[in-house]
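If you want the building blocks of each chain, they are given just below.
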Amino acid sequence: MHVDRTCIVVDKPSGVLSVPGRGTHLQDCMAARVQALWPDARVVHRLDMATSGLLLFARGAAAQRSLSDAFAKRKVHKRYVAVVHGLVATDSGEIDLPLITDWPNRPRQKVDAEHGKPSLTRWQVLSRDVVQHTTRLALMPLTGRSHQLRVHLLALGHPILGDALYAPADVQARAQRLLLHAEALGWACPESGEQLRVESPAPF
């Protein structure tokens, strides 16, 4: 998708890990695949295994520090697209609900007003399908909590189709995969400061 002296962007398929899991059977991942081609590639962020879309890697330690800092300071623009159950009533909004790991039910996360970490997602309706009773949303997470978009949309009352962790069984069954895709990334080049942007249309 994009390769330069400081970073690499690839399009991760749904069902592939971002980084290795525990156990020899979980070693195939995008990090290993990218590092086989570019040995200096380093992990900067992750996507859920079920999520597809753009994944950014740094080239070398200096670029990794710079890009990791940019993510931490919310200087990386991230845009996702999702298809959710139900017809979302308003055209845009934001979800500001703190999240925490649901320890007895890991890897699930949950909303926790007292102990959760601040989590903010902005969203915008792209289209509504009255016949299918679904809505296509653009999602702009300002924080990067684990499963943030999935839990926030569940809390909104509109779980993502195909979500095996959070959607009710009938909603999960409506798609063969999680209908969540990281479609755009924008960031500043660690060397030049030039603003870069890569896009990947959703495959659903």
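As a reminder, the structure under discussion sits directly above these lines.
Procedures and definitions
- Residues numbered from 1 in each chain as written.
- Predicted model: local features only at pLDDT ≥ 70, side-chain atom pairs only at ≥ 80, totals over all residues.
- Heavy atoms only, no water.
- Salt bridge = Lys/Arg side-chain N within 4 Å of Asp/Glu carboxyl O.
- Buried < 20%, exposed > 50% of the residue type's maximum accessible area, 1.4 Å probe, protein only.
- Helix = DSSP H or I, 4+ residues; strand = E, 2+ residues; numbered from the N terminus.
- Pairing = 2+ DSSP bridges.
- Lys, Arg positive; Asp, Glu negative; His and termini not counted.
- Polar contact = N/O pair within 3.5 Å; in protein donor to acceptor, adjacent residues only side chain to side chain.
- Contact = heavy atoms within 4.5 Å.
- Expected span 1.5 Å × (residues − 1).
- Arc of directions from axis to C-beta.
- Core = buried A, V, L, I, M, F, W, Y, C linked by side-chain atoms within 4.5 Å.

**Examining the pattern of salt bridges**
At step 1: Tallying each qualifying case throughout the model produces 10 salt bridges.
At step 2: Here glutamate 199 and arginine 197 are joined by a salt bridge, their closest N and O atoms 2.8 Å apart.
At step 3: On the accessibility criterion, arginine 197 (46% relative accessible area) is partly exposed.

**Observations concerning the pairing of strand β10 (residues 134-141)**
At step 1: Burial analysis of β10 places seven of its eight residues in the buried class, the great majority of the element.
At step 2: Here six bridges tie strand β5 (residues 77-85) to β10, and the two strands are oriented antiparallel to one another. Looking at β10, one finds that histidine 85 is bridged to threonine 134.
At step 3: Both strand β9 (residues 120-129) and β10 contribute to a ladder of eight bridges, which runs antiparallel. Following the sheet pairing, tryptophan 123 is matched in β10 by leucine 139.
At step 4: Linkage of β9 to β10, two consecutive antiparallel strands, is achieved through a turn of four residues, within which histidine 133 is found at a positive phi near 60 degrees.

**Re the side chain of aspartate 4**
At step 1: Its location among the elements puts aspartate 4 in the loop between β1 (2-3) and β2 (7-12).
At step 2: Here aspartate 4 is buried and forms no salt bridge, its nearest opposite-charge partner arginine 59 lying at an N-O distance of 6.3 Å.
At step 3: Polar side-chain contacts of aspartate 4 include one of 2.8 Å to the backbone nitrogen of threonine 6.
At step 4: Not counting chain neighbours up to four residues away, the residues in contact with aspartate 4 comprise Arg59 and Leu196.

**Section: helix α2 (residues 61-72)**
At step 1: Its 12 residues place the ends of α2 16 Å apart at the C-alpha level, agreeing with the 16 Å of an ideal helix rising 1.5 Å per residue.
At step 2: Among the residues making up α2, those that are buried are Ala63, Leu67, Ala70 and Phe71. One face of α2 carries all of its buried residues, which in axial projection span an arc of 100 degrees. Exposed and facing more than 90 degrees away from the buried side of α2 are Ala62, Arg65 and Ala72.
At step 3: Taken together, the buried residues of α2 touch β2, β4 (52-59), β5 and β11 (180-188).

**Notes on helix α3 (residues 148-156)**
At step 1: Taken residue by residue, α3 has Gln148, Leu149, Arg150, Val151, His152 and Leu153 as its buried positions.
At step 2: A positive phi of about 95 degrees marks glycine 157, the residue just after α3.

**Here's the deal with the nonpolar core**
At step 1: By size, the foremost hydrophobic cluster in this structure holds 34 residues, and its most contacted members are Phe57, Leu137, Leu139, Leu153, Ile160 and Leu180.
At step 2: If you list the elements that add at least two residues to this core, you get β2, α1 (30-37), β4, β5, β9, β10, α3 and β11.
At step 3: It is β5 that provides the largest number of residues to this core, a total of four residues.
At step 4: Isoleucine 160 has contacts with Ala82, Val83, Val84, Arg150, Leu153, Ala167, Val171, Leu178, Leu179 and Leu180, leaving out every residue within four places of it along the chain.

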